[in-house]
Amino acid sequence: MDSTGKIAVIGSGSWATAVAKIVLERTEHIYWYMRRSESIEDFKRLGHNPSYLTSVHFDTRRITFSTDINDVVRACDTLLFVTPSPYLKGLLKRLRTRLSDKFVVTAIKGIVPDRNLVCSEYFRQELNVPEENLAVLGGPSHAEEVAFGRLTYLTVGCSDSRKARLLADAIASGYVKTKTSADVIGIEYASVLKNVYAIAAGICSGLKYGDNFQSVLMANAVQEMQRFLQAVYPISRNVYDSVYLGDLLVTGYSNFSRNRIFGTMIGKGYSVKSAQVEMEMIAEGYFGTKCMKEINHAFRVNMPILDAVYNILYERISPQIEIKLLTDSFR
């Protein structure tokens with residue numbers, strides 16, 4: 001692989017739209033898979049995604065849209081998957097085209113439900129994509145800020161450093177700074193955990209805990225993250241790098257964070273279902289909480305924040321009671 005070749009964006013949400021914007025800063029043409037034909041028709045007519053990041057305008061002559069995942073995969077060399085993790089399994093069931101010779105990049109910050117696998121592992125185990133052809137795109141990167149062209153730092157994780165650098169260079173621009181890493185699994189698990197911790201931060205906000213406590217919560221969250229990452233994938237890493245701590249902080253504090261918003265609603269007394277209905281967007285951390293709880297059964301890492309969020313979301317324990325118990329465990 002001497003270049004990224006033809007690039008496809010697979011997904012139609014806000015982060016997929018932001019990723020497409022980033023790629024088109026340096027690439028003349030992309031393929032873009034969207035599930036709904038009416039979304040494509042509206043996009044072509046309006047010049048922007050009709051449902052997400054509507055302020056970002058595209059030259060649609062530089063985009064080949066398709067509702068056929070197989071056509072897109074056949075045509076492209078680099079595949080950027082940017083779909084919610086609960087939908088990935090269903091999408092890939094429609095795939096009849098081999099992925100093993102493609103460069104598969106997951107920009108999905110979640111776990112495949114029912115399998116309890118981070119997305120790169122799912123691609124490797126279920127679709128036989130070689131490890132060196134798998135990459136992850138991580139970092140503190142709210143789609144809304146990308147839409148505004150605000151400075152963003154992204155990390156490309158891949159076991160093949162040359163391929164990581166090719167992709168990093170392909171998406172770098174005046175407002176996107178990139179670096180590379182070999183810690184694919186660590187980046188993926190960190191991106192799942194930070195969503196769980198953002199829900200915790202939102203719950204505490206909804207319960208009127210102040211900034212003093214939020215800072216203690218985040219300090220304990222990064223320690224909890226580090227304990228888990230070292231247990232599941234013990235390599236040398238600096239958990240204070242932007243792809244770990246930075247992503248945790250922006251997701252835990254930002255008003256753009258759907259996981260924090262979801263948690264805030266729970267803290268204010270919404271049920272899980274009513275919060276999901278009102279948001280009209282997927283909070284990946286809801287699914288990630290259950291998956292991480294089940295995964296941790298095998299590792300038995302001390303994870304009190306994860307346990308507290310799980311108890312609130314899935315065991316229906318009162319947020320007031322559960323967070324009070326959590327605060328008593330902090331120092």
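For the structure, check the block above.
Residues numbered from 1 in each chain as written. Predicted model: local features only at pLDDT ≥ 70, side-chain atom pairs only at ≥ 80, totals over all residues. Heavy atoms only, no water.

Empty space within the largest pocket amounts to approximately 1,200 Å³. For the lining of the largest pocket, the secondary structure elements donating two or more residues are α1 (14–24), α2 (37–46), α4 (85–93), α6 (143–147), α8 (184–206), α10 (242–253) and α11 (258–267). Of the residues contributing to the lining of the largest pocket, the split by class is 19 nonpolar, 16 polar and 12 charged. Considering only enclosed or pocket space, the second largest pocket measures out at about 310 Å³ in volume. For the second largest pocket, the lining is made up of 19 residues, of which S271, V272, I312, L313 and R316 are closest to its centre. (1 Å grid on protein atoms, 1.4 Å probe; cavity = no way out; pocket = protein on both sides within 12 Å on 5 of 7 lines; lining within 4 Å. Points joined across faces, edges and corners; volume = space filled by probe spheres on them. Helix = DSSP H or I, 4+ residues; strand = E, 2+ residues; numbered from the N terminus. Nonpolar A, V, L, I, M, F, W, Y, C, P; charged D, E, K, R; others polar.)

Spatial strand order, β3-β2-β1-β4-β5-β8-β9-β10: eight strands in an open sheet with mixed pairing. With one partner strand each, in any of the chains shown, β3 (63–66) and β10 (176–181) form the two edges of the open sheet. Put simply, the sheet's adjacent strands are angled 20 degrees from each other on average, direction ignored. As judged from the four bridges shared by strand β1 (residues 7–10) and strand β4 (residues 78–81), these two strands associate in the parallel manner. Bridge pairing in β4 links V9 to L80. (Pairing = 2+ DSSP bridges. Axes fitted to C-alpha atoms, helices over the stretch in contact; angles between N-to-C directions.)

So, on to the nonpolar core. Counting residues in each nonpolar core, the largest one holds 54 residues, and the members touching the most others are Y189, Y197, L217, M225, F228, F262 and M292. Of all the elements in the fold, those that place two or more residues in this core are α8, α9 (211–232), α10, α11, α12 (272–279), α13 (284–299), α14 (304–314) and α15 (319–329). Looking at which element gives the most residues to this core, the answer is α8, with 14 residues. The residues touching F228, leaving out its near neighbours within four places in the chain, are Y189, L193, M292, I295, N296, F299, V301 and M303. Counting residues in hydrophobic clusters, the runner-up holds 39 residues, among them F43, L53, V82 and C158. (Core = buried A, V, L, I, M, F, W, Y, C linked by side-chain atoms within 4.5 Å. Buried < 20%, exposed > 50% of the residue type's maximum accessible area, 1.4 Å probe, protein only. Contact = heavy atoms within 4.5 Å.)

With that out of the way, let us pick up the pattern of salt bridges. Tallied over the entire structure, the rule returns 18 salt bridges. Between D71 and R74 there is a salt bridge whose closest N-O contact spans 2.7 Å. Placement of the pair is D71 and R74 together in helix α3 (residues 69–75), with a separation of three residues, close to one helical turn. The partner of R124 in a salt bridge is E121, and the shortest N-O contact between them spans 2.8 Å. Residue R124 and its partner E121 are both found in helix α5 (residues 119–127); the two are separated by three residues, about one turn of the helix. Linked through salt bridges whose partners overlap, the residues forming this network are K109, K194 and D247. (Salt bridge = Lys/Arg side-chain N within 4 Å of Asp/Glu carboxyl O.)

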